[in-house]
Amino acid sequence: MSHALSSALPKTNHQADPGRRPRARAPIVERIAGWSAVHRKTAVISWLVLVAAAFIVGQLMSASNVQSYDPGQSGQAERTLVRLNVTSPPAEKVLIQARGPGATFAADPAMRQAVRQVSAALAGLPHAATGIRSPLGRSGANLVSADGRSVLVTFTIPGNSDNEDQAVAPAMAAVAAVAASHPGLIVAEAGDASTDRVANAVISGDFRKAEVTSVPITLVLLLAVFGALIAAGIPLLLAATAVISAISLLAIPGKWLPIGSSASEVVLIIGMAVGVDYSLFYLRREREERAAGRDTAAALRIAAATSGRAIVVSGLTVMTALAGLFLAGSDVFTGMAIGAIVVVGVTVIGSLTLLPALLSLLGGWADRGAIPFLGRRRTAARPSRLWAALVRRVVRHPAAWGAVAAIAMLALASPALGMRLGNPPDGGFSANLPIVRTLSRISAAFPGSPSPAQVIVTGSSAAELRSPATLTAIAQLRARASASGPIREPVTAAAVAGGRALVINVPLAGNGSDSVSDKSLLTLRDSFLPATLGRAPGISWAVTGETASNYDDIATLDSRTPLVLAVVSVLAFLLLLVAFRSMAIPLVSIGLNLLSVGAAYGMITLVFQDGRLQGLLGFTGYGAIVPWVPLFMFVFLFGLSMDYHVFILSRIRELRSRGASTDHAVIGGTSNSSGVVTSAAVIMVAVFSILAALSLIQLKMLGVGLAAAVLLDATVVRGILVPCALALLGDRTWYLPRWLSW
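So, how was this worked out
- Residues numbered from 1 in each chain as written.
- Predicted model: local features only at pLDDT ≥ 70, side-chain atom pairs only at ≥ 80, totals over all residues.
- Heavy atoms only, no water.
- Helix = DSSP H or I, 4+ residues; strand = E, 2+ residues; numbered from the N terminus.
- Rg over C-alpha atoms; globule rule 2.2 N^0.38 Å.
- Buried < 20%, exposed > 50% of the residue type's maximum accessible area, 1.4 Å probe, protein only.
- Contact = heavy atoms within 4.5 Å.
- Areas by Shrake-Rupley, 256 points an atom, 1.4 Å probe, with all protein chains shown as cover.
- Lys, Arg positive; Asp, Glu negative; His and termini not counted.
- Charge placed at Lys NZ, Arg CZ, Asp CG, Glu CD.
- Pairing = 2+ DSSP bridges.
- Axes fitted to C-alpha atoms, helices over the stretch in contact; angles between N-to-C directions.
- Parallel < 35°, antiparallel > 145°, perpendicular 65-115°, else oblique.
- Nonpolar A, V, L, I, M, F, W, Y, C, P; charged D, E, K, R; others polar.
- Core = buried A, V, L, I, M, F, W, Y, C linked by side-chain atoms within 4.5 Å.
- Expected span 1.5 Å × (residues − 1).

**Student:** Just give me the short version of the overall build of the chain, but keep the residues and values in it.
**Tutor:** Per the secondary structure count, the chain includes 25 helices and eight strands. Its C-alpha atoms give the chain a radius of gyration of 30 Å, near enough to 27 Å, the size a compact globule of 742 residues would have. By its C-alpha atoms, the chain is 95 × 60 × 50 Å across when sized along the principal axes. When burial is assessed residue by residue, the chain has 53% of its 742 residues classed as buried. Summarising the internal contacts of the chain: among those between residues at least 6 apart in sequence, 78% fall at separations of at least 24. About 31,300 Å² of surface is accessible on the chain, with carbon and sulfur atoms providing 61% of the total. Here the chain carries 59 positive and 39 negative side-chain charges, and the mean point of each set is 9 Å from the other.

Below you can see the structure in the form of structure tokens.
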């Protein structure tokens, strides 16, 4: 395999014609592309049939909806509850509040009438509302706010919690009808199921907007890159078919593994990125060879041996980086990793089969539909004079240019040293969303402690849970609660699942997401529970709840991130070592990739954690970064930047193998490839910028971070720092110890 990789590039001298190759067995990449080019109709039809088959399989295989769990101890507790079939019905609240000052529930007949109407409407929906409580019923005094201006009607959603966002719809419609008849009052619903419904609608709408916007933007930019309509459509065809196939194929692992909706969203983002990148690299080289006077067959053969090989190396590196998500210790990341690896793999296969077949089938027609004043210049595929002039200056003074660029990148990365991880309030949705405003009004009118920690207790038998030792341990835990201590009153215990488990609710100090709550949680887990329940024989426990879930998420990411970085870097080093037969190139590549990621981290810290550009981007800062964003950005950027890096280095190595000096190879390789790399980066920046315009702050962070990192990586890193590093290394760039030679 190593021989095939290293021999994929032409080994002739600089006077030889790269289109004429010795009659030796060609590498596998070239053979696949050659077969596809010769059997072009068969290859294209086979690809479309495979896409259709994948789509049909995805539709026919019913989703198993495998449950995903939080990491750590909270995940253990969730698994126990699921195993025992213990569920809590979604709770809903209807706020009825006077708009004007002075009005109170006791004195305002309109408020009392609205309460009666809401209660009656919900009572008429037995499949959507049960357990209805109102301030007019028994024990309803606690549903009236302290100032009397606000009241609550509460109820739960019956049935299967898996479809709660659908089951709550009739109740929401009934409440909305009452609200329309009382313009002088605020009548609004919020709760577990209604929040999920609104969140799903907002997220779905956002991604529909992204899909609808990204395709025309990408097409316009591809037209500017290629100058011809047909050529511009080829990358979109590859990306679209790869994404459709990958999303459909996820139904297969989804039968056994937790693959959520986030996996499909990741497939869309990564599929568009690599699909456009790989197509640009391949088409650019094929056009370049045709412009040099070679026929279509020779141009495709050279494109397969050079760009095709680079695509395989890049694809393997990208998949290696994405596989690092398996080590993150989170079910959500597992689904993302599977989806991303599948779409990259499908795209690589399409690049080696569909692209050469289409280009062979189209021939000169690929340049049809030329854009006036642009088409002829773009189809010529000439080296970039701008990048050539810049790189010549960089190579003359590499230390000076490298120092300035490196200092600038380090300055951008420096804010990341103060990065804090934390989940956003209200799920990251805008404070202007009606249901978020309703939740805020309820919290203001009915202030209370955050959701308590839940201690899930199980025993070797039901008798163990009722034993005197267990009851004594629970009483001792209650005794540790106090008004100023880490756990607060009341500590309550209830048997569930027919007495096979206990759920102990323990209120914690703090607001549920601050350091006080985290310390209280750790005190409960590490001190109070071992000193109480730990002394009762035959029982075990695990702590879950909102505070515990958030803490375990962040703690797991903190502990696993260094492992992910190390494993991904080592595997990428080995792949690049085999591909380029050099010790220096993998080290330079990994170092510069980490610098790009660091700059992206600094950018999102500066903008989102420190709260800059809030008005422009439409978000409210909360002093932290969403915990999963940095790790996902690392693996994604590490893989995507390798696309650009491998492509440029492949051109440099190609020139070097023909006898050019390292400096001349760097100038020629960069000027021949940086134009298409910059074009690909501009497209990616435009697509990622769409994410910054969506509703969720998580997506805004991702969009800004990815767009900034890709732009910096394709310009400062690939245009300045890579040439600087190679020029400073000189011939040592290609050094490989004798004991590693093969």
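**Student:** Describe unusual backbone geometry, and please don't skip the residues or the numbers.
**Tutor:** Cis peptide bonds are those with omega within 30 degrees of zero, and the linkage from Glu 489 to Pro 490 qualifies with -5°. Counting through the fold element by element, Pro 490 comes out in the loop between α18 (468–479) and β6 (492–496). In the Ramachandran plot, Asn 85 falls in the positive-phi region, its phi being about 60° despite a non-glycine side chain. By the element assignment, Asn 85 lies in the loop between α4 (72–83) and β1 (91–98). Backbone geometry at Ala 497 places phi at a positive 55°, although glycine is not the residue there. Here Ala 497 shows up in the loop between β6 and β7 (501–506).

**Student:** Give a description of the sheet that holds strand β3 (residues 150–156) that names residues and reports values.
**Tutor:** The strands that make up a sheet pair up through hydrogen bonds in the backbone, lying either parallel or antiparallel. In space, the four strands of this open sheet follow the order β2-β3-β1-β4, with antiparallel pairing throughout. Bordering the open sheet on either side are β2 (130–133) and β4 (185–191), each of which pairs with just one other strand. For this sheet the average axis-to-axis angle between neighbouring strands, irrespective of direction, equals 15°. Contacts from helix α8 (residues 192–226) reach β1 and β4 within the one sheet, and its direction differs from that of β4 by about 85°. Across the sheet, helix α16 (residues 434–445) is in contact with β1, β3 and β4; its angle to β4 comes to roughly 100°.

**Student:** Kindly report on the pairing of β7, identifying the contributing residues and their values.
**Tutor:** Of all six residues making up β7, five are buried, and the element is well covered by its neighbours. Relative to β7, strand β5 (residues 453–459) is paired through six bridges, and the arrangement is antiparallel. Each residue of the ladder has a partner; that of Val 457, found in β7, is Leu 502.

**Student:** Kindly report on the packing of helix α19 (residues 515–531) against helix α20 (residues 546–580), identifying the contributing residues and their values.
**Tutor:** Their axes nearest at 10 Å, the elements α19 and α20 cross at an angle of 95°. Regarding the angle of α19 to α20, the classification is roughly perpendicular. Two secondary-structure elements touch here, α19 through Ser 517, Asp 518, Leu 521, Leu 522 and Arg 525 and α20 through Thr 547, Ala 548, Tyr 551 and Asp 552. Here the residues of the contact of α19 with α20 are counted per class, giving four nonpolar, two polar and three charged.

**Student:** Could you give an account of the environment of Phe 446, naming the residues involved and the relevant values?
**Tutor:** Note on placement: Phe 446 falls in the loop between α16 and β5. Distance from Phe 446 to Ala 146, taken between C-alpha atoms, is 7.8 Å for residues 300 residues apart in sequence.

**Student:** Describe in detail the nonpolar core, supporting the description with residues and values.
**Tutor:** Generally speaking, soluble globular proteins have nonpolar side chains that are buried together. Formed by 166 residues in total, the largest nonpolar core has its most connected members in Leu 280, Val 344, Phe 608, Tyr 644 and Phe 688. Looking at this core element by element, the count peaks at 19 residues for helix α25 (residues 697–729). Setting aside residues no more than four positions away along its own chain, Phe 608 makes contact with Leu 617, Phe 619, Gly 621, Ile 625, Ile 697, Lys 700, Met 701 and Val 704.

**Student:** Can you explain α8? Please cite residues and give values.
**Tutor:** Across its 35 residues, α8 extends 50 Å between first and last C-alpha, which sits within 8% of the 51 Å expected from 1.5 Å per residue. Once α8 ends, the next one or two residues include Gly 227, with phi positive near 70°.

**Student:** Residue-level account of the environment of Val 118, with values.
**Tutor:** Note that Val 118 resides in helix α5 (residues 109–123). Note on Val 118: relative accessible area 1%, which makes it buried. Along the backbone, Val 118 and Ala 177 are 59 residues apart, and their C-alpha atoms lie at a distance of 9.1 Å. Look past the residues within four positions of Val 118 in its chain and what remains in contact with it is Val 94, Ile 96, Val 153, Val 178 and Val 187.

**Student:** Outline the sheet that holds strand β8 (residues 539–544), supporting the account with residue identities and numerical values.
**Tutor:** One open sheet accounts for four strands, arranged β6-β7-β5-β8; its pairing is antiparallel. Bordering the open sheet on either side are β6 and β8, each of which pairs with just one other strand. This sheet shows a mean twist of 25° between the axes of neighbouring strands, independent of strand direction. Note: β5 against β8, six bridges, orientation antiparallel. Looking at β8, one finds that Val 455 is bridged to Val 543. Running over the sheet, α18 touches β6, β7 and β8 and is turned about 10° from β7.

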